[in-house]
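Analysis of the macromolecular model
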Amino acid sequence: MTLRRYLPLLLLALALPALAAASPTLTSDFDADGTDDLTVYRQGFGIWYIRKSMDSTSVEVQWGLDGDYPVSGIYTGAAGPDLAVYRPSTGWWYIKHWNAGLTFATESSYQWGGFSGDTPVPCDFDGDGKNEIAIYRDSEGTWYYRESPTYLTFNTRAWGASGDIPVPFDYDGDGTCDFAVYSDGTWMVLLSSKDNLQSGTISWGLAGDIPVPGLYDSDTVVDMAIYREIDGGNSLWGIRESKVGGLTSQALLWGENGDIPVTLDFDGDGKTDIAVWRPSNGNWYILNSSTSYATSSTVQWGLTDDVPVGIRGGEPN
């Protein structure tokens, strides 16, 4: 396994504060305690392994087939995220609805996507607190999305070009996902707060970097950040902080070449932790945002071929 193999899975990994626990971007807080749970999806068997942050007990749920990709998130408006997979071969989305007992007893399915190069990019584009079922079609640079809560109507948005990486998040702080793409160090954001009539372009990163946006500082606006594998086997995180208009930044070494960056909130402080999952040993290495990244923790959870959950998106056909 290489970082390139996981690249499409690194597009959308973000956990919002506990006060926004119903946010459609809180993708792995399955026990609804305001802290993300360590979770992996075992593709060969379609099994989700959830290690609850509440009490460190585990839950196993079979949902999906080999080749599916986890796209968990809030689709039904429940207190916690639904289990969901995207099937690239057919474009079907299969959703198991969250409930307090984590039995995920009810389910629904929708066909959306399935063309070569489609990447699932669920996000809340209409500000109703639920994910749209959405794909980004690389060949066209076009976003196609079915609108929540019924998913009966659909819409499109042309934004991007072939080869761009879709990175939809709330960059302008209005509570709605912005259509955004990353290309070789350039972030291009269509501003939902301006009715998608105005855009912003920011340079942050270099060709080959992996975009890892998140809530790294103390405000509620998503920060642009990159993950870079560097010489010597280490990895660099570069964070452009939004709280002072992007004028300050952080650079932190965390991880090794071949690790998978995961940007979720594992300590429940409402900010993104700097974390990696290591396929070679199934370990999660977490720098805690609650201590300004001064302390860390290591937890073993998962096997080599697993996919770390909380990263919405799937590998294009």
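Residues numbered from 1 in each chain as written. Predicted model: local features only at pLDDT ≥ 70, side-chain atom pairs only at ≥ 80, totals over all residues. Heavy atoms only, no water.

1. Structural notes on the overall build of the protein
Scanning the protein from terminus to terminus reveals one helix and 24 strands. Out of the 317 residues belonging to the protein, those deemed buried represent 58%. Across the protein, the fraction of contacts at a sequence separation of at least 24, relative to all contacts at a separation of at least 6, is 43%. (Helix = DSSP H or I, 4+ residues; strand = E, 2+ residues; numbered from the N terminus. Buried < 20%, exposed > 50% of the residue type's maximum accessible area, 1.4 Å probe, protein only. Contact = heavy atoms within 4.5 Å.)

2. A look at the confidence of the model for the protein
As a general rule, the predicted coordinates of low-pLDDT regions are not to be interpreted in detail. The predicted model of the protein averages 88 in pLDDT, with 89% of residues at 70 or higher. Predicted confidence is poor over residues 10–26, with pLDDT under 50, and the contacts of this stretch with residues over four places away or in other chains come to 70 contacts. The low-confidence segment residues 312–317 (pLDDT under 50) makes 39 contacts with residues lying over four places distant or belonging to another chain. (pLDDT = per-residue confidence, 0-100.)

3. Topic: unusual backbone geometry
A cis amide bond links S148 with the next residue in sequence, P149, at an omega value of 5°. Counting through the fold element by element, P149 comes out in the loop between strand 10 (142–146) and strand 11 (154–158). For L102, which is not glycine, the phi dihedral falls at a positive 55°. Phi is positive for Y293, which is not a glycine, with a value near 65°. You can see Y293 is positioned in the loop between strand 22 (283–287) and strand 23 (296–300). For Y293, a relative accessible area of 11% gives the class buried.

4. Digging into the layout of surface pockets
Taken as a whole, the second largest pocket encloses approximately 240 Å³ of empty space. In terms of lining, the second largest pocket is formed by 17 residues, of which the most central are Y171, V189, I202, M224 and R240. By residue number, the principal contributor to the lining of the second largest pocket is strand 15 (residues 199–203), which donates three residues. For the lining of the second largest pocket, the class distribution of residues is eight nonpolar, five polar and four charged. (1 Å grid on protein atoms, 1.4 Å probe; cavity = no way out; pocket = protein on both sides within 12 Å on 5 of 7 lines; lining within 4 Å. Points joined across faces, edges and corners; volume = space filled by probe spheres on them. Nonpolar A, V, L, I, M, F, W, Y, C, P; charged D, E, K, R; others polar.)

5. A closer look at the state of the cysteines
One pass over the structure, following the stated rule, counts one disulfide. C123 shares a disulfide with C177; S-S distance 2.0 Å. Residues C123 and C177 are joined by a disulfide whose S-S torsion is about -60°; by sign, that bridge is left-handed. Here C123 is found in the loop between strand 8 (118–120) and strand 9 (133–137), whereas its partner C177 is found in the loop between strand 12 (165–166) and strand 13 (179–183), with 54 residues between them in sequence. The pair formed by C123 and C177 is uniform in burial state, with each residue classed as buried. (Disulfide = S-S within 2.5 Å.)

6. Details of the pattern of salt bridges
Counting across every chain of the model gives eight salt bridges. Linking R228 and D209 is a salt bridge whose minimum nitrogen-to-oxygen distance equals 2.7 Å. Here R228 is found in strand 17 (residues 224–229), whereas its partner D209 is found in the loop between strand 15 and strand 16 (210–211), with 19 residues between them in sequence. Here D209 falls in the buried class, since its relative accessible area comes to 5%. Between R278 and D259 there is a salt bridge, and its shortest N-O distance comes to 2.7 Å. Of this pair, R278 sits in strand 21 (residues 274–278) while D259 sits in the loop between strand 19 (248–256) and strand 20 (260–262), and the two are 19 residues apart along the sequence. (Salt bridge = Lys/Arg side-chain N within 4 Å of Asp/Glu carboxyl O.)

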